[in-house]
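So you can see what is in the structure, the chains are spelled out below.
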Amino acid sequence: MKLLGKKILIGVTGSIAAYKTAELVRLFVKEGAEIQVVMTRSAHDFVTPLTLATLSKNPVLTDFSDPDTGTWNNHVDLGLWADAYIIAPLSANSLGKLASGYCENLLSAVYLSSRCPVFLAPAMDLDMFAHPLVQENLDRLARAGNIIIGPESGELASGLKGEGRMSAPDEICNYICKILQSASELQGKNILVTAGPTREQIDPVRFISNNSSGKMGVAIAVEMAVRGAIVTLVAGPGVKLPLNRSVTCVPVVSAEDMYKACMQYFSDSDVTIMAAAVADYRPVETSDSKIKKTGLVSALSLEPTKDILAELGTLKASHQILVGFALETDNELENAKGKLHRKNLDMIILNSMKDTGAGFEKDTNKITIIEKNNVITPFELKSKKEVASDIADKIISCIRLQ
């Protein structure tokens, strides 16, 4: 029983996929969890409160108060009570309201009061899910630290086939079991993550940089926070920072800025994950004024920036885990292994610019994890959220071996 003693809130909104929630409740109860179900009024049209009350062994809550008994359903107490809050299914209507902080019913009031990890399982037709406003709302909720599960592609209630189908109850249950179990192992651990590019100024309007979006580093920071860690994210310019209250964001611009931030936080970190694409070189001289077109020189003198990862490798204590990234175009495995040993890393995450769907600015990535004991684990192309989960699993395995 993986969830013995855990308290789980399940929210149900108005979607035909609500019939799957009955099975989800049953699976959580089977794993030993104590379940409390909160429904919107429209959800009653798709699954009866009696069904969910019978399976959960607790009365189902919909309103702030019961006029017949005078009982007050305290949303603050419910939010504090739970170890996890899963809203499944989450309709497009409720998704938009949550993303806006709109509080019109008990389910949304509990959401705003929750301090536990919140999992959202969207369910809607494919065109609704693909709509830019729905995607924007999902992105906003993800940056606020909510964990989006699915949706899957498949046959939909409309008869169409495509993305929008709520994830299977067993997949949701297994994922939450994994997150809650690993949370106990990462509780209190200090994790330092770097993300995004750096900018090395030539003059006030021009700079040397790269195409890194920071999406991979941000996904890792959020995943580690969800699993109970205390996370510090050092992020370069242009990175879309998470709104998660469990992630402390430290914005930087240049490689020197990132170096200073890493030096400040590294000694207190249990795990450091260097996902940033730090510039290797910077201009020897920087102009205080914009260089006019007529004043541009044919050659730009550059000097190397500090090798942050290598320096952290020399400072690493025996209890610390140091993880690097290697984005390669040629001799990928050989180059990544060399970097791993040369910089005293515990593991390195290799990805290749040759892999379709991987690399800068993508929402997906394809990685190979190489550990210092030469264990090599390749993964298929996945979303960066799923990649972050794979990386977190590997890091937890390293912690267990310490």
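Structural notes, computed from the coordinates.

Conventions we followed
- Residues numbered from 1 in each chain as written.
- Predicted model: local features only at pLDDT ≥ 70, side-chain atom pairs only at ≥ 80, totals over all residues.
- Heavy atoms only, no water.
- Helix = DSSP H or I, 4+ residues; strand = E, 2+ residues; numbered from the N terminus.
- Buried < 20%, exposed > 50% of the residue type's maximum accessible area, 1.4 Å probe, protein only.
- Contact = heavy atoms within 4.5 Å.
- Pairing = 2+ DSSP bridges.
- Axes fitted to C-alpha atoms, helices over the stretch in contact; angles between N-to-C directions.
- Parallel < 35°, antiparallel > 145°, perpendicular 65-115°, else oblique.
- Left-handed = near helix turned anticlockwise from the far one by under 90°.
- Nonpolar A, V, L, I, M, F, W, Y, C, P; charged D, E, K, R; others polar.

## Quick word on the side chain of Ser389
Okay, so step 1: Within the secondary structure layout, Ser389 lies in helix H13 (residues 384-401).
Okay, so step 2: The class for Ser389 is buried, based on a relative accessible area of 6%.
Okay, so step 3: Sequence-distant contacts of Ser389, defined by excluding residues within four places in its chain, comprise Tyr175, Lys178, Glu223 and Arg227.

## Looking at the sheet that holds strand E15 (residues 271-274)
Okay, so step 1: Strand order across the open sheet formed by eight strands is E14-E13-E10-E15-E18-E19-E21-E22, with mixed pairing between neighbours. Strand pairing shows two members of the sheet lacking a second neighbour, strand E14 (247-251) and strand E22 (376-378), which therefore form its edges. Within the sheet, the average angular offset between the axes of one strand and its neighbour, ignoring direction, is 15°.
Okay, so step 2: In terms of strand pairing, strand E19 (residues 347-352) meets strand E21 (residues 368-371) through four bridges, oriented antiparallel. Within the sheet, the bridge partner assigned to Leu350 lies in E21 and is Thr368.
Okay, so step 3: Running over the sheet, helix H9 (residues 215-226) touches strand E10 (190-195), strand E13 (230-235), E14, E15 and strand E18 (321-328) and is turned about 165° from E10.

## Some remarks on the pairing of strand E8 (residues 152-155)
Okay, so step 1: Bridge analysis of E8 against strand E9 (residues 161-165) gives four bridges, and the strand direction is antiparallel. By the bridge assignment, Gly154 is partnered in E9 with Gly162.
Okay, so step 2: Taken together, E8 and the strand that follows it, E9, pair antiparallel across an intervening segment of five residues, in which Gly159 is found at a positive phi of about 95°.

## Quick notes on the packing of helix H10 (residues 255-266) against helix H11 (residues 308-315)
Okay, so step 1: As a packed pair, H10 and H11 sit with axes 10 Å apart at the nearest point and diverge in direction by 20°. One way to sum up the angle between H10 and H11 is to call them roughly parallel. The two elements H10 and H11 meet at a crossing, and its hand is right-handed. Contacts between H10 and H11 involve Ala255, Met258, Tyr259, Cys262, Met263 and Phe266 from the first element and Ile308, Glu311, Leu312 and Leu315 from the second.
Okay, so step 2: A breakdown of the residues in the contact of H10 with H11 according to their chemical character gives nine nonpolar, no polar and one charged.

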